[in-house]
Amino acid sequence: MAESSGPTTTSTVADGDATPDVLVVGGGIGGLSAAYALAREGLRVRVLEQAPEFGEVGAGLQVAPNCTRILHEYGLLEEVKSLGVLPSAMLMRDAVDGSELTRLDLRDLEERYSFPYLVIHRSDLHAVLLRACRELGVDLRTHQRVTGYDTADDRASVTLADGRVEDAELVIAADGLHSVARQWMAGDDLVNSAYVAYRGAIPLADVTREVNLDEVSVHVGPRCHFVQYGLRGGEMLNQVAVFESPKALAGEEDWGTPDELDQAFDDTCEDVRAGIPLMWRDRWWRMFDRDPIDRWVRGRVVLLGDAAHPPLQYLAQGAVMAIEDGWVLARHVTRQRRSTTDTVDWDAAVRAFEAVRTQHCRRVVLTARSWGELWHLDRTARLRRNVVLRDRAIDDYSFVDWLYGPTALVPEELPPMFQPIPLDAVEAERDQPTLTDA
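This is a predicted model, so every value here is computed, not measured.

A. The arrangement of the pairing of strand β10 (residues 155-160) in detail. Inspection of the sheet shows strand β9 (residues 146-152) paired to β10 by 6 bridges, in the antiparallel sense. Opposite valine 146, over in β10, you have leucine 160 as the bridge partner. Where β9 hands over to β10, the hairpin turn is made up of 2 residues, of which aspartate 153 adopts a positive phi near 50 degrees. Both β10 and strand β11 (residues 165-168) contribute to a ladder of 4 bridges, which runs antiparallel. In the sheet register, serine 157 faces β11, and the bridge partner there is aspartate 167. The antiparallel hairpin formed by β10 and β11 contains 4 residues in its connecting segment, where glycine 163 sits at a positive phi of about 95 degrees.

Written as structure tokens, this is what we have:
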């Protein structure tokens with residue numbers, strides 16, 4: 001089918017039987033936040049979710065100021081804050097000896113960026129967005145598995161597993177890491193990091209050791225790291241254990257198994273080892289991303305969230321970027337809407353969206369990879385990293401200003417990147433053990 005451009009008529013939110021202006025494929029955090037952002041502009045939005053019901057799996061989620069700023073604009077921040085935890089500090093420690101390497105004062109960070117850093121259960125944030133969509137009249141449909149995409153003239157369409165075809169002026173593919181739309185658009189493969197994540201969100205009453213829920217704690221170690229923080233007002237402890245799988249490196253199909261989890265953290269400090277038995281052991285998450293691409297738009301189909309830019313988790317920006325995507329797209333739709341005729345130049349809107357988001361998200365995806373490498377260093381490189389982190393001034397925000405500041409709407413608004421410090425420019429502290437020596 002041919003692809004073309006041109007403005008099309010929009011209409012207001014109406015009953016679920018009406019033809020939508022926008023179809024959103026995927027009812028996760030990215031899809032719902034995009035649906036909400038566009039419904040706020042008076043558009044008819046329909047969300048197609050393949051699962052039997054709307055919901056999220058997983059555990060905790062970190063939400064940085066570049067996202068809480070958007071939640072505030074949506075009028076949702078206070079509810080999100082009431083369901084989460086606002087820690088006062090983020091600490092990075094060495095996983096071998098447990099020593100503090102550096103910290104962020106999150107109260108000071110809120111002053112700098114005007115909005116807080118919070119942590120929340122993924123399902124709680126999803127529930128807030130789901131309720132908000134319902135209140136705005138978003139047409140929410142389950143059991144809708146999309147198997148194909150197409151675009152022609154001034155519309156786009158999706159084909160569902162039962163053979164039905166639905167169309168709209170714009171289709172947003174928020175269909176996740178294994179996106180059908182991404183395959184149709186780019187045909188690229190997942191990139192396997194050979195790392196795997198175990199999670200565990202448990203009642204605090206089940207934790208026998210002392211934990212500080214006023215902080216987000218990250219222990220970084222050779223080929224592994226361990227994260228913990230509070231959830232649901234401090235009633236739960238969230239833990240994440242990540243490690244490189246020898247079985248994955250060896251090309252085995254069954255990798256990331258619980259025996260590898262235990263072995264990966266055998267030589268870490270006591271506080272980390274105490275958390276490993278509390279991890280869920282019946283499921284684990286293999287860590288994949290994709291190489292960045294510059295094309296997220298094909299006709300009237302646009303990628304969003306993990307379909308466009310699945311990152312590794314080291315910057316805690318996956319869900320944040322997806323929420324930013326919806327906000328940026330809605331802003332450009334508003335800019336391209338003609339008040340006299342109530343029409344939107346959809347093609348101009350998605351081109352503007354693509355121009356800025358591909359650049360920003362490329363930065364995040366590639367920096368997340370580099371950050372993971374930094375966390376997982378061993379031997380002399382680990383010791384040099386520790387020197388660099390310990391030397392960082394607590395009020396130095398140069399490495400997060402590009403990330404936590406206001407979300408750019410055009411490429412010219414993207415802030416400059418931070419300048420990494422070469423590790424070979426510092427002397428290692430020789431009195432610190434490596435994991436191999438411990």
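B. Geometry of the sheet that holds strand β16 (residues 236-244). An order of β6-β5-β14-β15-β16-β13-β17 is seen for the 7 strands of this open sheet, with the pairing classed as mixed. The outermost strands of the open sheet, each flanked by one partner alone, are β6 (100-105) and β17 (285-289). Between one strand axis and the next, the sheet turns by 20 degrees as a mean value, whatever way the strands run. Pairing geometry for strand β13 (residues 191-203) and β16, over 9 bridges, is antiparallel. Each residue of the ladder has a partner; that of arginine 199, found in β16, is valine 240. Each of β5 (89-94), β13, β14 (215-221), β15 (224-231) and β17 touches helix α11 (residues 346-375); the most contacted strand, β14, lies at about 65 degrees to it. On top of the sheet, helix α12 (residues 379-391) reaches β5, β6 and β14; it is set at about 35 degrees to β6, its chief contact.

Quick notes on the rules
- Residues numbered from 1 in each chain as written.
- Predicted model: local features only at pLDDT ≥ 70, side-chain atom pairs only at ≥ 80, totals over all residues.
- Heavy atoms only, no water.
- Pairing = 2+ DSSP bridges.
- Helix = DSSP H or I, 4+ residues; strand = E, 2+ residues; numbered from the N terminus.
- Axes fitted to C-alpha atoms, helices over the stretch in contact; angles between N-to-C directions.
- Contact = heavy atoms within 4.5 Å.

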